[in-house]
Amino acid sequence: MSTSTTPGSRTEPSTGAGDAKAARPLKALTIAMFKGFVRDRMTLFWAIAFPLMFLVLFGGIFTSQGEVDPAEVVVVGDVSVIDDAPAEAQKTIEKSVDITRSDDLDAALEKVRDGDADAVVTEEGGEVTVHYSAADPVAGAQIQGVVQAIVQQANTAVYQQSTGEPPTFMFASSQVEDDSLEQIQYVTPSLLGWAVAMSATFGAAANLVMWRKSGLLRRLRLAPVRTSSVVLARVGVSLVIALVQAVIFVGLGVGAFGLQLSGWWPLMVPLLLAGTLAFLSIGMLAGAVSKTEEGAIGLANFIVLPMAFLSGSFFPLDGAPTWLRAVSNCLPLKHLNQGMLDVMVREQGPSAIVLPIVILLGFAAVFATVSARLFRWEA
Amino acid sequence: MGVQIEVDHLTMRYGAVTAVDDISFTVEPGEFFGLLGPNGAGKTTTLETVEGLRSPTSGRVSVDGRDPAKREPDLQRRIGVQLQSSAFFERLTAVEQLQTFGAIYGVPTSRLDDLLEQVGLTEKATAQVEDLSGGQKQRLSIACALVHDPDVVFLDEPTAALDPQARRNLWDVLRGINDSGRTVVLTTHYMEEAEELCDRVAIVDHGRLLEIDTPGALIRQLDAATRIGLATEALTLEDARRLPGADSVTLGGSGLVIETREPATLLAELGRREALEGLSVSKGTLEDVFLDLTGREYRA
Ligand SMILES: Nc1ncnc2c1ncn2[C@@H]1O[C@H](COP(=O)(O)OP(=O)(O)OP(=O)(O)O)[C@@H](O)[C@H]1O
Ligand SMILES: [Mg+2]
């Protein structure tokens, strides 16, 4: 044993360094908490990978809706409406159908029956026939539509040539998605809101219960740290996690799914910070009243998951009944999502985040007060 | 540097259970003090009240003249604690635990290697706490109690899970701390350990203080019979019973045990008969005192 520590080598309590002293335990606790978080694969999964899965899922659904896979069509023999179509029409055709040529009608029909091709197109004496399978009515209908349009176009051209007059009726179509929000524009801000809410709530709830159950809170009670340092450490960790989530979400949204940010997007940072505080304090409450980690996580789930649906995190509530929208307005996540949408994709400025931030901080204050009341050091 | 501890008519009740019943004692600065007692005697309750973790139902405790329950940081910085069940930051390594506790107590973390060596965990410095064995955790917990070089150390069954090597090495560590003038208070179920380390011990049972004195004085007071051990081959049971001064003779796994109050006569007789194979002689131990005071029944 080498207790070579002479009384002189002891650290003298330095005067006037009160703040520096308080900062050290806070920093140490924050680092310890953060390492504990990063080293736990499960919490990492729930905080980062799980919400990302949703983004990829929704982003993926959007892409496959926007650009439908071209249908496989076998053209048997000469089909003049397709072969003689003007160059412009050819392009449109190529976009929506994949054409292969064949002379063997029976083999081509067999292909359709087996599902290897979606339809066979033949022409005999000016009559264009689409052979499709009832097994895939969607593809069948799609090809019928395409071929019908081609035939119509050819008819119009013939009519125009013979009469020299434009046709009486014309058909035009236009997508509505430029007017409202495209799917990815909607889901990135609102899923990010949900992700931040979830990890802040779960993190605080699980952390509090874990430290209480392991006796660490008790041990810390004997150490010269303030209760506020323990709480602030958790706040620090959760804020960092929220920012990391934001970077990953926005990065993936812009990089992979064509998310277009409005000029005011940096305003999402203060919004996210306020949202983190609100959901931290909700998590603290869940942690304060739960005896086990499982209980705390269950309670957090019970709060956050329904709230996510009611706040439009997964799909917009525009079509929801009035009473549902009224309920939604009482939820902090609704206001977080609203603010996020406004500044990230709706070109709204600083005034759009004032009300959400006030509401979120209000929730934070109320829940923090209640959980401070219910806080227990020991199991 | 040493710190005085006063416990004054301390009583602690949990509903119908009186965990500590009117206990008073003083630990002098620089003293090595042991709290002994069967399971549920109230050792942990007493210790944790002195540490400031529990507030007494009645009575008063003071550490260096101050109330530990007030959690004054400058008093806390002078106290080191190892609780009966160790608690760590999840998924931090051994050395990170010490760094964190060190930072919390506001001390430079330069002597961590030393500290890990003292508790024999140098090899496990970078192992996460979840991967340590029970005894290794216990040792780390003791290191965490010592990281800020406290003036008084409270240890609740520090050697409970330790192997004989670790136990003896830890004794050296604790003796070293005490030799440098620091106060040490520990609880233990190992009477040999208390006898070896403690200047004074208090024996408690059912929340009451039964005896408080130096181990030597307690053993002398007991005035126990001398126990003479012999190999089975040395003597037949019949012959042993007829030895002069033999009060009782038992045959156990390690041989014959003869209890006597006239050891001189009896040993002389054994010498005359040249029946000294496997001889061992022992006078009462602290364990005898303990059993004499607290009886042999199980505690709840
Ligand atoms: N928080 C508590 N609530 C209720 N009863 C308690 C509490 N803490 C201790 N007790 C009771 O007080 C008595 C003394 O407990 P304590 O932990 O002080 O015993 P101990 O001497 O440390 O025992 P051991 O040797 O087993 O550690 C026991 O009967 C225990 O059940
Ligand atoms: Mg105990």
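Residues numbered from 1 in each chain as written. Chains lettered and ligands numbered in written order. Predicted model: local features only at pLDDT ≥ 70, side-chain atom pairs only at ≥ 80, totals over all residues. Heavy atoms only, no water.

Regarding the site of ligand 1
Residue and element names in this part refer to chain B. In the vicinity of ligand 1 lie 14 residues, with Gly 40, Lys 43, Thr 44, Thr 45 and His 189 positioned nearest. Between ligand 1 and the protein, one listed contact pairs an oxygen atom with a side-chain N or O atom of Asn 39 at 3.0 Å. Measuring from an oxygen atom of ligand 1, one finds a side-chain N or O atom of Lys 43 at 2.6 Å. Take the shell around ligand 1: its biggest share by element is 3 residues, from helix 1 (residues 43–51). Of the residues assigned to the shell around ligand 1, the class counts are 4 nonpolar, 7 polar and 3 charged. (Near = heavy atom within 4 Å. Polar contact = N/O pair within 3.5 Å; in protein donor to acceptor, adjacent residues only side chain to side chain. Helix = DSSP H or I, 4+ residues; strand = E, 2+ residues; numbered from the N terminus. Nonpolar A, V, L, I, M, F, W, Y, C, P; charged D, E, K, R; others polar.)

Considering the environment of Phe 50 of chain A
Looking at the secondary structure, you find Phe 50 of chain A in helix 2 (residues 41–66). Not counting residues up to four positions away in its chain, the partners in contact with Phe 50 of chain A are Phe 45, Trp 194 and Met 198 of chain A. (Contact = heavy atoms within 4.5 Å.)

As for the pattern of salt bridges
This model, assessed by the stated rule, comprises 28 salt bridges over all chains. In this structure, Glu 192 of chain B and Arg 168 of chain B form a salt bridge, with 3.3 Å as the shortest nitrogen-oxygen distance. Linking Glu 192 of chain B in helix 7 (residues 191–197) with Arg 168 of chain B in helix 6 (residues 164–179), this pair joins segments that are 24 residues apart in sequence. For Arg 175 of chain B, the salt bridge goes to Glu 196 of chain B, with nearest N and O atoms at 3.4 Å. Taken as a pair, Arg 175 of chain B in helix 6 and Glu 196 of chain B in helix 7 lie far apart in primary sequence, 21 residues in all. When its relative accessible area of 26% is taken as the criterion, Arg 175 of chain B is described as partly exposed. One connected set of salt bridges, linked through shared partners, spans Arg 218 and Glu 378 of chain A together with Glu 48 and Arg 54 of chain B. (Salt bridge = Lys/Arg side-chain N within 4 Å of Asp/Glu carboxyl O. Buried < 20%, exposed > 50% of the residue type's maximum accessible area, 1.4 Å probe, protein only.)

Looking at the domain arrangement of chain A
Looking at chain A, the domain boundaries give domain 1 (26–62 + 182–374) and domain 2 (65–175). Here the C-alpha centroids of domain 1 of chain A and domain 2 of chain A sit 51 Å apart. (Domains from an automatic or database assignment.)

Structural notes on the packing of aromatic side chains
Residue and element names in this part refer to chain A. Applying the stated rule across the entire model yields 17 aromatic pairs over all chains. Judged by centre distance (5.3 Å) and plane angle (70°), the ring pair of Phe 50 and Phe 54 falls under edge-to-face. One end of the pair is Phe 50 and the other is Phe 54, both in helix 2 and 4 residues apart, which spans about a single turn. Phe 50 sits in the buried class, given a relative accessible area of 18%. Assessed through its relative accessible area of 21%, Phe 54 is described here as partly exposed. (Phe/Tyr/Trp six-rings, centres within 6.5 Å; stacked < 30°, edge-to-face > 60°.)

Some remarks on the side chain of Glu 48 of chain B
Along the chain, Glu 48 of chain B turns up in helix 1. On the basis of relative accessibility, which here comes to 3%, the residue Glu 48 of chain B falls in the buried class. A polar contact of 2.8 Å, which involves the side chain of Glu 48 of chain B, links it to the side chain of Arg 54 of chain B. Residues in contact with Glu 48 of chain B, not counting those within four places in the same chain, are Arg 218 of chain A together with Leu 53, Arg 54 and Leu 83 of chain B.

Section: the nonpolar core
Core analysis: the largest hydrophobic core is formed by 119 residues, its most contacted members being Trp 211, Leu 220, Met 268 and Phe 279 of chain A together with Phe 89, Leu 98 and Leu 140 of chain B. A per-element tally of this core places helix 7 (residues 183–213) of chain A first, with 16 residues. Once residues lying within four places of it in the same chain are set aside, the contact partners of Leu 98 of chain B are Leu 112, Leu 115, Leu 116, Leu 140, Ala 143, Cys 144 and Val 147 of chain B. Formed by 28 residues, the second largest nonpolar core is a distinct cluster that contains Leu 10, Ala 19, Val 50 and Val 63 of chain B. (Core = buried A, V, L, I, M, F, W, Y, C linked by side-chain atoms within 4.5 Å.)

Considering the coordination of the magnesium ion (ligand 2)
When a metal carries six donors in an octahedron, the ideal angles between them are 90 or 180 degrees, while four donors in a tetrahedron ideally lie at 109.5 degrees. Residues and elements named next belong to chain B. Taken together, Thr 44 (OG1) and Gln 84 (OE1) make up the full set of protein donors to the magnesium ion (ligand 2), lying 1.8 to 2.2 Å away. Here Gln 84 lies in the loop between strand 5 (79–82) and helix 3 (94–104) and Thr 44 lies in helix 1, a separation of 40 residues in the sequence. The exposure class of Thr 44 is buried, given its relative accessible area of 16%. The class of Gln 84 is partly exposed, set by a relative accessible area of 39%. (Donors = N, O, S within 2.8 Å, 3.2 Å for Na, K, Ca; no water.)

Re the sheet that holds strand 8 (residues 200–205) of chain B
Residue and element names in this part refer to chain B. Spatially, the 6 strands line up as an open sheet ordered 5-6-7-3-8-9, and their pairing is mixed. The sheet is open, and its two edges are formed by strand 5 and strand 9 (208–213), each paired on a single side. Strand-to-strand twist across the sheet, computed as the mean angle between neighbouring axes with direction ignored, equals 15°. Pairing analysis gives 4 bridges linking strand 5 to strand 6 (residues 152–156), with the strands arranged parallel. Pairing of Val 81 across the sheet is with Phe 154, part of strand 6. (Pairing = 2+ DSSP bridges. Axes fitted to C-alpha atoms, helices over the stretch in contact; angles between N-to-C directions.)

Some thoughts on the side chain of Ser 190 of chain A
Residues and elements named next belong to chain A. Here Ser 190 lies in helix 7. Take Ser 190: its relative accessible area is 0%, and that puts it in the buried class. A distance of 2.6 Å separates the side chain of Ser 190 from the backbone oxygen of Tyr 186, its partner in a polar contact. Residues contacting Ser 190, with those up to four places away along its chain left out, are Gly 312, Ser 313 and Asn 337.

What to know about the environment of Ala 108 of chain A
Residues and elements named next belong to chain A. Of note, Ala 108 is situated in helix 5 (residues 105–114). Along the backbone, Ala 108 and His 131 are 23 residues apart, and their C-alpha atoms lie at a distance of 9.7 Å. Look past the residues within four positions of Ala 108 in its chain and what remains in contact with it is Val 74, Val 76 and Val 120.

Some thoughts on a nonpolar patch on the surface
Residues and elements named next belong to chain A. On the surface, Phe 34, Val 38, Val 240, Val 244 and Ile 248 cluster together into a nonpolar patch covering about 330 Å² of accessible area. Elements with a minimum of two residues in the nonpolar patch: helix 1 (18–38) and helix 9 (227–257). Top element by residues in the nonpolar patch is helix 9. It accounts for 3 residues. Position of Ile 248 among the secondary structure elements: in helix 9. Residue classification places Ile 248 among the partly exposed residues on the basis of a relative accessible area of 31%. (Patch = residues over 30% accessible without salt bridge, like charges linked within 9 Å, V, L, I, M, F, W, Y side chains within 5 Å. Areas by Shrake-Rupley, 256 points an atom, 1.4 Å probe, with all protein chains shown as cover.)

Some remarks on the confidence of the model for chain A
Low pLDDT marks stretches whose predicted atomic positions should not be read closely. All names here are of chain A. Per-residue confidence for chain A gives a mean pLDDT of 84, with 88% of residues at or over 70. Contacts from residues 1–19, a stretch scored under 50 in pLDDT, to residues over four places away or in other chains number 21 contacts. This model gives residues 176–180 a pLDDT under 50, and the stretch forms 1 contact once residues within four places in sequence are excluded. (pLDDT = per-residue confidence, 0-100.)

Some details on the interface of chain A and chain B
If you look at the interface, chain A gives 32 residues, while chain B gives 42 residues. Carbon and sulfur atoms make up 55% of the surface buried where chain A meets chain B, a total of about 3400 Å² over both sides. At the junction of chain A and chain B, the tally comes to 4 salt bridges. Of the charged contacts in the structure, one is a salt bridge between Asp 40 of chain A and Arg 91 of chain B, with a shortest N-O distance of 3.2 Å. Linking chain A with chain B are 11 residue pairs in polar contact (both at pLDDT 80 or more), by the criterion used here. At the level of elements, helix 1, helix 7 and helix 8 (216–221) of chain A are the ones that each hand at least two residues to the side of chain A that touches chain B. Class assignment for the residues of the side of chain A that touches chain B results in 15 nonpolar, 7 polar and 10 charged. (Buried area = accessible area lost by both parts, 1.4 Å probe.)

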